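# Coordinates in review
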Amino acid sequence: MRKNIVLMTDFGYKDNFIGVIKGVILNIAPNTNILDLTHNIQSQNIKQAAFILDTSYSFFPEGSIFVAVVDPDVGSNRKAIAVKTCNYYFVAPDNGILTYVLEKEKIIEIVELTNPKYQLSQISNTFHGRDIFAPISAYISKGITLNNFGSTVKYNNITKINKPYFNIQDSNHFSGEIIHIDNFGNLITSIQASQIGLENNNLKDWIIEIGVYKINGISKSFADVEENQLLAFIGSSGYMEIAIRNGNAREYMGMNSNIKFNISKS
Amino acid sequence: MRKNIVLMTDFGYKDNFIGVIKGVILNIAPNTNILDLTHNIQSQNIKQAAFILDTSYSFFPEGSIFVAVVDPDVGSNRKAIAVKTCNYYFVAPDNGILTYVLEKEKIIEIVELTNPKYQLSQISNTFHGRDIFAPISAYISKGITLNNFGSTVKYNNITKINKPYFNIQDSNHFSGEIIHIDNFGNLITSIQASQIGLENNNLKDWIIEIGVYKINGISKSFADVEENQLLAFIGSSGYMEIAIRNGNAREYMGMNSNIKFNISKS
Amino acid sequence: MRKNIVLMTDFGYKDNFIGVIKGVILNIAPNTNILDLTHNIQSQNIKQAAFILDTSYSFFPEGSIFVAVVDPDVGSNRKAIAVKTCNYYFVAPDNGILTYVLEKEKIIEIVELTNPKYQLSQISNTFHGRDIFAPISAYISKGITLNNFGSTVKYNNITKINKPYFNIQDSNHFSGEIIHIDNFGNLITSIQASQIGLENNNLKDWIIEIGVYKINGISKSFADVEENQLLAFIGSSGYMEIAIRNGNAREYMGMNSNIKFNISKS
């Protein structure tokens, strides 16, 4: 079975970074299949990267190796780690980027990446994606076991970040934040449908207040509202989204990540 | 022979959409080769997508499976279809996106995609690219025949869109529109060289009037004019294009898609 | 062993150009692995392309075939060439784009691409990436030797471009230019650490003057300075870079490619 390495970074598509990473991987593991999850994570936004990885990884084949590099502290003494879970491998800086996936996956082993034998011979201070993370992912795809890369690290000792903001006032009043804005300008929020029982309630009963805007009721799909109307709906990852049918909610509403809002049931 | 699945969408490269679609495909068909035609179709511009697909598909190997998802009515009751032609497969929403290719290809079978066995177990209302179109393309690449996916649909009953605007006033006077603007700012028009016999006439005899601009004669290549000069030429897909040598015609001329213009022979 | 074809262009990701090139390659060589180095070279910037290729190619597996297309004179009488070196193949317009790599690689053969048998049957005047360079790369990956494509060209007779600007005033005073600005807004300069002996000197002794800005000392990594502080460091390709920790130097400093600056030792 061909092995898959899946890359997620904030490196963008302007430079040779991603191309060079792929060259390094194929030098070590010529038959590996390399995929891009996305390279347009907002620059140095670890929380967004953690969220995107969390809502994506389970769609990939078992055994896939994820390389997640959003790494503002590259070159400092932050650790580099590899994690084996029941179903996948994850290679990343130890800065919290794996927080959400590791809450869900059964962890088998975590190691710190210290053995120079499995890194490029020259390590830069700014591009560990090429020098450390890419080679490690390639060696994993060739069957090298994690214990070769360095010492075990306990789960308790790796860095975690906060969950996306989600506050329960009472059983009818909640608040959340915008965690990601997609290519269409849709606002993906921190509210999971299952968290507040959205599926089990009359969707029409909910009211969302965000900035100067008020949305009455949650729609099932874009087709439930007229063109250019604002709507809220349960997005494809199970999180509530705010959008404009055939329009761009980010541009129209002037919204950004981290903006908070209220949702309540009448 | 390795099978090719070719993706074209308006999903952009900012999100995890394309990455996740590839994960879904490889889960079902691990050895398939996945290619990107482009994911930067203008948001919800079905006509542009139909044009881009039409001018691209024949360059791909026989048997290639095209997944074309520009889908403003996702979640409504618009149909999802798969088409087998003599040379290729096409998987798409039934919104006219396949209009131009199906006018050229010999159609063998069209089916509506209704059998849940060949879709993800949970279908969102907003991301059928992941939940329906990706799995179907993977199953086709594994040799599952179209009749398994749902009932036959007649060609007459699928949605068509208008051809790009092209008007014949008389044998010397025509008008067209800008159908696409490329990465260099070149304006690709709806005028096919073969439609008005451009190849058989003295190229110098044609006059193009667009907005406040007038172009005298059609050039063979950029090298025919000075730097920063406006020119018209027959582009690489057989359509007339308007450009500026070593410059950006869209920016300089302030042009957009759908703008109309006249072309005449003196 | 699977063969790798690596594409670098200024075609961007907006259009179908790159997708179609891959289709053409797979039509000829169905099992070839196609990689993107980058397609966001600044439009028609041959010098930047030459620099990016030079700092990237050696990370790819031996035998890789590079297709480098930044081609402002496509359709003129500029030559198209293929080069075999000890380790790699390069396919490109003869406009200097290969200047820097060919100074490093041992050249075995250079040919002009003239034999129509190894090109598409119809050659456009504007898209030789699709019509000539893609097919040639595919035929090389299938083992066709260069002598089949056209006549030998001497190294002395191919086009070269100037090296990036680097001036030695005396052993303590140098000047350089910004040659590339990356996705993070970091300014990559023409100063190689090895050229001025940066590694062998006290890094703190250097002073960089660029525009109205003055940087005292060269840092080892971003972590050496406070957030939002300007710094200079030796980047991952061995060239000095100017950046802002957790910030965007291009935006903050208002910088562009080609801007010159001084560096001196106190």
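Up top you'll find the structure we're talking about.
Residues numbered from 1 in each chain as written. Chains lettered and ligands numbered in written order. Predicted model: local features only at pLDDT ≥ 70, side-chain atom pairs only at ≥ 80, totals over all residues. Heavy atoms only, no water.

Looking now at the overall build of chain A. Of the regular secondary structure elements, chain A holds five helices and 14 strands. Radius of gyration (C-alpha) of chain A: 20 Å, near the 18 Å computed for a compact globule of 266 residues. For the C-alpha atoms alone, the extent of chain A along its principal axes is close to 60 × 40 × 35 Å. Counting all 266 residues of chain A, 61% fall into the buried class. (Helix = DSSP H or I, 4+ residues; strand = E, 2+ residues; numbered from the N terminus. Rg over C-alpha atoms; globule rule 2.2 N^0.38 Å. Buried < 20%, exposed > 50% of the residue type's maximum accessible area, 1.4 Å probe, protein only.)

Interfaces are often described in size by the accessible area the parts lose on coming together. With 31 residues of chain B at the interface, the matching set in chain A holds 31 residues. Interface area, chain B with chain A, both sides summed: about 2,500 Å², of which 53% is carbon and sulfur. When the buried area of chain B at its contact with chain A is split by residue, Lys-14, Asn-16 and Thr-126 of chain B rank highest and sum to 22% of it. Viewed at the interface, chain A and chain B are joined by one salt bridge. Linking chain B with chain A are 17 residue pairs in polar contact (both at pLDDT 80 or more), by the criterion used here. A per-element tally of the side of chain B that touches chain A places helix H1 (residues 17-28) of chain B first, with eight residues. Split into classes, the residues belonging to the side of chain B that touches chain A amount to 11 nonpolar, 14 polar and six charged. (Contact = heavy atoms within 4.5 Å. Buried area = accessible area lost by both parts, 1.4 Å probe. Salt bridge = Lys/Arg side-chain N within 4 Å of Asp/Glu carboxyl O. Polar contact = N/O pair within 3.5 Å; in protein donor to acceptor, adjacent residues only side chain to side chain. Nonpolar A, V, L, I, M, F, W, Y, C, P; charged D, E, K, R; others polar.)

This next bit is on the relation of the copies chain B and chain A. Each copy superposes on the other: chain B lies on chain A with an RMSD of 0.0 Å after a rotation of 120° and an axial shift of 0.0 Å. Both copies of the chain, as the preceding transformation shows, are related through a three-fold rotation axis. With a heterologous cut-off of 20% or less, the 3% of interface residues of chain B that recur at the interface of chain A puts this contact in the heterologous class. (Least-squares fit on C-alpha atoms with pLDDT ≥ 70 in both.)

Note on the identical chains: chain B maps onto chain C by a rotation of 120° and an axial translation of 0.0 Å, with an RMSD of 0.0 Å. With a heterologous cut-off of 20% or less, the 3% of interface residues of chain B that recur at the interface of chain C puts this contact in the heterologous class.

Residues and elements named next belong to chain A. In the structure shown here, the tally under the stated rule is 57 aromatic pairs over all chains. Where Tyr-118 meets Phe-149, the ring centres are 5.2 Å apart and the plane angle is 75°; that geometry is what we call edge-to-face. Here Phe-149 lies in the loop between helix H4 (128-141) and strand S7 (166-170) and Tyr-118 lies in the loop between strand S6 (107-112) and H4, a separation of 31 residues in the sequence. As far as burial versus exposure is concerned, Tyr-118 and Phe-149 are alike and both buried. (Phe/Tyr/Trp six-rings, centres within 6.5 Å; stacked < 30°, edge-to-face > 60°.)

Here the largest pocket defines a volume of roughly 800 Å³. Gly-235, Ser-236, Ser-237 and Gly-238 of chain B together with Gln-122 of chain C are, among the 27 residues lining the largest pocket, the residues nearest its centre. (1 Å grid on protein atoms, 1.4 Å probe; cavity = no way out; pocket = protein on both sides within 12 Å on 5 of 7 lines; lining within 4 Å. Points joined across faces, edges and corners; volume = space filled by probe spheres on them.)

All chains considered together, the criterion is met by six cavities of 30 Å³ or more. Considered as a void within the structure, the largest cavity measures approximately 760 Å³ in volume. At the level of elements, helix H1 (17-28) and strand S2 (33-38) of chain A, H1 and strand S2 (33-38) of chain B together with helix H1 (17-28) and strand S2 (33-38) of chain C are the ones that each hand at least two residues to the lining of the largest cavity. When the residues that make up the lining of the largest cavity are grouped by side-chain class, the tally is 18 nonpolar, 16 polar and 12 charged. Of the voids in this model, the second largest cavity is the one considered here, and its volume is about 530 Å³. What lines the second largest cavity is a set of 35 residues, and nearest its centre among them are Phe-17 and Thr-126 of chain A together with Asp-182, Phe-184 and Asn-186 of chain C. Contributions of two or more residues to the lining of the second largest cavity are made by H1 and H4 of chain A together with helix H2 (46-54) and strand S13 (239-244) of chain C. At three residues, H4 of chain A tops the list of elements feeding residues into the lining of the second largest cavity. Class assignment of the residues belonging to the lining of the second largest cavity gives a composition of 16 nonpolar, 12 polar and seven charged.

The next thing to look at is the interface of chain B and chain C. Residue-level contacts link 30 residues of chain B with 31 residues of chain C. Taking both sides of the interface into account, the surface hidden between chain B and chain C amounts to around 2,500 Å²; carbon and sulfur atoms contribute 53%. At the junction of chain B with chain C, the criterion picks out one salt bridge. There are 16 residue pairs in polar contact (both at pLDDT 80 or more) connecting chain B and chain C. Of all elements in the fold, only S2 and strand S8 (173-181) of chain B reach the threshold of two or more residues within the side of chain B that touches chain C. Considering every element that reaches the side of chain B that touches chain C, the biggest residue donor is S2 of chain B, with five residues. Partitioning the side of chain B that touches chain C into residue classes produces 13 nonpolar, 12 polar and five charged.

Attention shifts here to the pairing of strand S12 (residues 230-234) of chain B. All names here are of chain B. Where S12 meets strand S13 (residues 239-244), five bridges bridge the pair, whose relative direction is antiparallel. If you follow Ala-232 over to S13, its bridge partner there is Ile-242. Joining the antiparallel neighbours S12 and S13 is a turn of four residues, in which Gly-238 adopts a positive phi near 90°. (Pairing = 2+ DSSP bridges.)

Residue and element names in this part refer to chain B. In contact at an axis separation of 8 Å, H1 and helix H4 (residues 128-141) are set at 40° when each is read in the N-to-C sense. In this view, H1 runs oblique relative to H4, as classed from their interaxial angle. Handedness of the crossing formed by H1 with H4: right-handed. Residues Val-20, Ile-21, Val-24, Ile-25 and Ile-28 of H1 form the contact with H4, whose participating residues are Gly-129, Arg-130, Ala-134, Pro-135, Ser-137, Ala-138 and Tyr-139. In terms of residue class, the contact of H1 with H4 is made up of nine nonpolar, two polar and one charged. (Axes fitted to C-alpha atoms, helices over the stretch in contact; angles between N-to-C directions. Parallel < 35°, antiparallel > 145°, perpendicular 65-115°, else oblique. Left-handed = near helix turned anticlockwise from the far one by under 90°.)

The next point concerns the sheet that holds strand S3 (residues 65-69) of chain C. Strand order across the open sheet formed by six strands is S2-S1-S3-S5-S4-S6 (chain C), with mixed pairing between neighbours. Two strands close off the open sheet at either side, each with one partner strand: S2 and strand S6 (107-112) of chain C. Between one strand and the next, the sheet's axes are offset by a mean angle of 20°, whatever the strand orientation. Pairing analysis gives five bridges linking strand S4 (residues 80-85) of chain C to S6 of chain C, with the strands arranged antiparallel. Paired with Val-83 of chain C across the two strands is Ile-110 of chain C, which belongs to S6 of chain C. Contacts from H1 of chain A reach strand S1 (4-9) and S2 of chain C, with the element oriented near 140° to S2 of chain C.

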